[in-house]
Amino acid sequence: MEFTAKDFRDYFKVIVDMIEEQKDYLCELDRKLGDGDHGVTMSIGWQAIGKKLDNELADEEDSAKLNITVGKTFLSAVGSSVGPLYATGFMRGAKAIKNKPVLHDSDLKDYWVAFGNGIQERGQAEVGDKTMIDTLIPFVDGLEKSFSESQNFLDAFNKAVVAGEKGMKSTKDIISKRGRSSRLGERSVGAQDPGATSAYLIISTFLEFVEQRIEKVS
Amino acid sequence: MEFTAKDFRDYFKVIVDMIEEQKDYLCELDRKLGDGDHGVTMSIGWQAIGKKLDNELADEEDSAKLNITVGKTFLSAVGSSVGPLYATGFMRGAKAIKNKPVLHDSDLKDYWVAFGNGIQERGQAEVGDKTMIDTLIPFVDGLEKSFSESQNFLDAFNKAVVAGEKGMKSTKDIISKRGRSSRLGERSVGAQDPGATSAYLIISTFLEFVEQRIEKVS
Amino acid sequence: MKKLINNPQNVVEEMVEGYVKAHPNHIKQLPENDRALVTNRTTKDGKVGVLIGGGSGHEPGFLGYVGDGMADGVAVGNIFASPSPDPILEVTKAIDKGAGVVYLYGNYAGDVMNFGMAAEMADLEEDIQVGMALATDDVASAPKEEKEKRRGIAGEFFIYKATGAAADFGYNLADVVRVARKANENTRSMGVGLSPCYLPQTGKPSFEIGEDEMEIGLGHHGEQGIEKGPIQSADAVADRLVNDILADIEINKGEKVAVLVNGLGATPRMDLYIVYRRVEQILSELGIEIYRSYVGDYITSLEMGGVSVTLMKLDEELEKTIDHPVDCPMFVQK
Amino acid sequence: MKKLINNPQNVVEEMVEGYVKAHPNHIKQLPENDRALVTNRTTKDGKVGVLIGGGSGHEPGFLGYVGDGMADGVAVGNIFASPSPDPILEVTKAIDKGAGVVYLYGNYAGDVMNFGMAAEMADLEEDIQVGMALATDDVASAPKEEKEKRRGIAGEFFIYKATGAAADFGYNLADVVRVARKANENTRSMGVGLSPCYLPQTGKPSFEIGEDEMEIGLGHHGEQGIEKGPIQSADAVADRLVNDILADIEINKGEKVAVLVNGLGATPRMDLYIVYRRVEQILSELGIEIYRSYVGDYITSLEMGGVSVTLMKLDEELEKTIDHPVDCPMFVQK
Ligand SMILES: Nc1ncnc2c1ncn2[C@@H]1O[C@H](COP(=O)(O)OP(=O)(O)O)[C@@H](O)[C@H]1O
Ligand SMILES: Nc1ncnc2c1ncn2[C@@H]1O[C@H](COP(=O)(O)OP(=O)(O)O)[C@@H](O)[C@H]1O
Ligand SMILES: [Mg+2]
Ligand SMILES: [Mg+2]
Ligand SMILES: [Mg+2]
Ligand SMILES: [Mg+2]
């Protein structure tokens, strides 16, 4: 599989639209656990990215540079909790694919592993804290494991997204230990974490994106 | 007919209870035309009077002094628009019956005429301004006229209350020219003036009070 | 209606008690009447006393404005009801320093009668000279031809500010009254209501309004305004308020104004500054100079939602009064 | 939801614009970043810079507290969202006078990460020393054993007050940070929510609450509290809040406190003073001396209804910081 800066741009544009659709749902989840703004925050951030994609980044051919700008733009636009988290994800991802005009399977794997691990490093959350880490670490672990077995990115990513989804759903049943919702204690049980949900949407959208691209090509 | 300080006290106590019953209705009328507090204001004032009647005034034998204290108590307790108005009514009434241990028909007529005229003097409103004056001036005029014809207080007061009632009802159809409601212009039409209503309640309660007393006696 | 109160009958007493306890260096209750509050600082001999007052429920108006540079005392009424003459008279006696006392209050039937009666008593019984100035700043409350019928709303703040300063400058009673009346003459306000307040004793909303409606020209006791309509943007509201004000008072290019964007109680500062932003734009476009701005809750109506805009046209004398420092429990200006 | 705004997307930009226009003598926007505001007055050379910040929607917090005696600059976030490192860094550069800068913010995941990133950049890229102090005053947000997890609410006001004064006294960075942390150590708050606020962009209430309910321990972004129950009297609420605070921090007879009764946005001053009245009674009964009181809207949550009580236990040094005069657009103390 091959993946270029143009593909990143197209993928990010799909996220821009996806976030607009999911905005209310993400806010609704955050109203139960936090301050009700997660959808708004994601929307502000991705709208800002959308503008960049159409302007400064319209002709960017370096995937790493594109990802760095995407991360910085998101951070500047939103601050908040998820600003530093997702920004770090994109910037660490960028680092992993530096100077590669075209990404191949193992580059893409490296990108997503760096993305997930970077977020964990930034936020210092553990699996079970009821955060996006509950999506991202199972996802990263699944990706690494499956890829080491099959050396096939698409196949491994597929399995990793399934693991991420399971992680996301698990946040429903656990007591929060991080972020705003941690103050709820027992009362946090029963609601799915908004950040875990947006993280899942970002990875599952990537899966759909590459699958559709493959369909088109074939 | 004979009327003493004790009768005044009993009458005023009936008003205390009557106002509690009419409180919400008077507020409701004021919500349409003013600031919605007329019932509250009347209640605060009459509750204060009620306390005085049971304490300092419990043994007061001078009708004039009793009325002066009632007026002052009302004024101190409420301020507001109706504080000075009703207080002046009671104080002018008191002046008209000074030094009379027992009031007879013509004294009672003088009392109520002074009551109504005093209020008009204080507020400088005219009939047709959509205030309590629309109740009180027809009432005073009716009282004077009928009394000069019959020299019978009860008969004259009866007719005067009917005139007052007509005046009160007329406030529904006129544009306000005084007080808070005057700013409404056309929009004040259709609502009955709260002060005209409380003034009517005060005089009609007096009528009921004396009629019942006569029944009891006879 | 949700309120953090105890017995609705006692809200004014308990508020005053809390207020005096919170600011013992600023203010005290007179022993003669617990609705009579005066500054706890010694005021200059020969200074004209400044007395303000009105119904409760407008906090910081009116008790919040007693202190250095503003009022010397306040008579506190029931909720939305004028104080009776008793506390007015007690404050008058307490703050008279031999130079007389000026009464500042809004043009409401109740206030006119009660302050009027107190002034008569001060003159007759106490031999204290009393001057009066009524606030009639609300342009929505009567047409220009009947200006004397207009009620006073947030513009009262500017009248207190100007009058308090004039008294501090050592002006005599006639001059203090002149400044107070000039401040009123030069001040215009207009407001808009979005959501009602609730009288504690009735628990009823002060006015009815639909989910998507606003009422333009609303009075600050919930008296109906001049127009009910669909809720508009902050800019449109600012345009309407400022334009109605400027249609009523001539303010020319190069002239200076003080601006007050006043919240009615429940409106976030965020919204007030968004309204201010547009007010500033309009005035700048017209070349009217903003000398000083006040944005916040200055005269409220319990938890009413909405905003009013006030402009005071300044001359040199009023500028000086606006600059004068103030130290009140609810308003401080350096 | 009824708001006086224009486009919900632009509320923060428009508020900041209005704010800067309203107070040009006090505050200015940095050309590098319009969410970076600094005092428009020259601060002393060698003075430690005081930087505050956080999400918008808490006005007067946080931008209202930039001025003489409080903060030198503020980084403004989106509604209820930490500012990003960019404006924090720009303010840091602008207010550093060679003595370093202290960051004051509430203990929220977002703020911790963004201020932390900015501090790293200030150190690495700009060679500016940065100290930090987090507000963790809300006793309802975590048990005593996990105090470091507690969020910051209205107590931030006292931390700004103390820290701003310490910086003005000429303390060095270490000492300013020490005072800031001591202020936080000595400060406890707890609040109660009666009605929600509405995020401008969603129009949704920040929390659900029944007509006759209140939520005790509510966070100031509408985060759920520790207990939802029937609405209680002002006295009962004050009892609960003060008792929970006093169970958490030892304040002995004869010791002094500063008191803040803070409205969350839509609560009338009347109600706040009624709550204050009871707070004062409790403290007086315990022989705790009230050194100074603040009653009003100091740190809000848009139009949320409710109140919080904050106590800061004072020692001699903190007393001096509390007495220090302040001149900010939204808070002045003589
Ligand atoms: N330390 C952390 N590590 C990872 N994720 C976190 C951390 N803190 C918070 N989050 C995530 O952030 C989400 C909330 O994001 P958002 O609502 O946008 O920010 P805020 O909390 O500032 O309002 C949570 O649902 C959680 O998944
Ligand atoms: N100048 C006046 N003369 C006679 N009655 C008046 C005058 N002004 C007001 N009123 C009466 O007062 C009533 C309102 O009383 P109330 O609601 O208790 O006082 P407020 O207007 O201070 O709230 C009006 O309905 C009207 O009848
Ligand atoms: Mg959130
Ligand atoms: Mg009324
Ligand atoms: Mg009234
Ligand atoms: Mg947030």
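Scroll up to find the structure.
Residues numbered from 1 in each chain as written. Chains lettered and ligands numbered in written order. Predicted model: local features only at pLDDT ≥ 70, side-chain atom pairs only at ≥ 80, totals over all residues. Heavy atoms only, no water.

1. What about the overall build of chain A?
Here's step 1: Tallying secondary structure elements over chain A gives eight helices and zero strands in all.
Here's step 2: In terms of overall size, chain A behaves like a compact globule, its C-alpha atoms giving a radius of gyration of 16 Å where 218 residues would be expected to give roughly 17 Å.
Here's step 3: In terms of its C-alpha atoms, chain A occupies a principal-axis envelope of roughly 50 × 40 × 30 Å.
Here's step 4: Across chain A, contacts joining residues at least 24 apart in sequence account for 70% of those joining residues at least 6 apart.
Here's step 5: Element-wise, carbon and sulfur atoms account for 49% of the exposed surface of chain A, whose accessible area totals about 8800 Å².
Here's step 6: Separation of charge centres in chain A, based on 29 positive and 35 negative side chains, amounts to 4 Å. (Helix = DSSP H or I, 4+ residues; strand = E, 2+ residues; numbered from the N terminus. Rg over C-alpha atoms; globule rule 2.2 N^0.38 Å. Contact = heavy atoms within 4.5 Å. Areas by Shrake-Rupley, 256 points an atom, 1.4 Å probe, with all protein chains shown as cover. Lys, Arg positive; Asp, Glu negative; His and termini not counted. Charge placed at Lys NZ, Arg CZ, Asp CG, Glu CD.)

2. Overview of the pattern of salt bridges
Here's step 1: Tallying each qualifying case throughout the model produces 82 salt bridges over all chains.
Here's step 2: Among the ionic pairs, Lys6 of chain B bridges to Asp10 of chain B, the shortest N-O distance being 2.6 Å. Placement of the pair is Lys6 of chain B and Asp10 of chain B together in helix H1 (residues 5–33), with a separation of four residues, close to one helical turn.
Here's step 3: Overall, Asp10 of chain B belongs to the partly exposed group, its relative accessible area being 25%.
Here's step 4: Residues Asp327 of chain C and Arg41 of chain C are paired through a salt bridge, measuring 3.2 Å at the closest nitrogen-oxygen approach. Separated by 286 residues along the polypeptide, Asp327 of chain C in strand E13 (residues 326–328) and Arg41 of chain C in the loop between strand E2 (33–39) and strand E3 (49–56) bring together distant segments of the chain.
Here's step 5: The buried category is assigned to Asp327 of chain C, whose relative accessible area is 9%.
Here's step 6: You can call Arg41 of chain C partly exposed: its relative accessible area is 27%.
Here's step 7: Each of Glu14, Glu17 and Lys21 of chain C together with Asp235, Arg277 and Glu280 of chain D takes part in a single network of salt bridges with overlapping partners. (Salt bridge = Lys/Arg side-chain N within 4 Å of Asp/Glu carboxyl O. Buried < 20%, exposed > 50% of the residue type's maximum accessible area, 1.4 Å probe, protein only.)

3. Points about the environment of Glu215 of chain A
Residues and elements named next belong to chain A.
Here's step 1: Take Glu215: it is sitting in helix H8 (residues 194–217).
Here's step 2: Given a relative accessible area of 59%, Glu215 falls into the exposed group.
Here's step 3: Along the chain, Glu215 and Gln192 lie 23 residues apart, while their C-alpha atoms are 33 Å from each other.

4. Structural notes on the packing of aromatic side chains
Here's step 1: Applying the stated criterion across every chain yields a total of 84 aromatic pairs over all chains.
Here's step 2: Centroid distance Phe157 of chain C to Phe158 of chain C: 5.7 Å. Interplanar angle 50°. Geometry classified as tilted.
Here's step 3: When its relative accessible area of 0% is taken as the criterion, Phe157 of chain C is described as buried.
Here's step 4: Considering the side-chain rings of Tyr273 of chain C and Tyr19 of chain D, the 5.3 Å spacing of their centres and the 85° angle between planes classify their relative orientation as edge-to-face. Here the residue Tyr273 of chain C occupies a position in helix H7 (residues 269–285), and Tyr19 of chain D occupies one in helix H1 (residues 11–22), the pair thus bridging two chains.
Here's step 5: Lys320 of chain C extends its terminal NZ or CZ atom over the ring of Phe169 of chain C, reaching a point 5.8 Å from the ring centre. (Phe/Tyr/Trp six-rings, centres within 6.5 Å; stacked < 30°, edge-to-face > 60°. Lys NZ or Arg CZ within 6 Å of the ring centre and 35° of its normal.)

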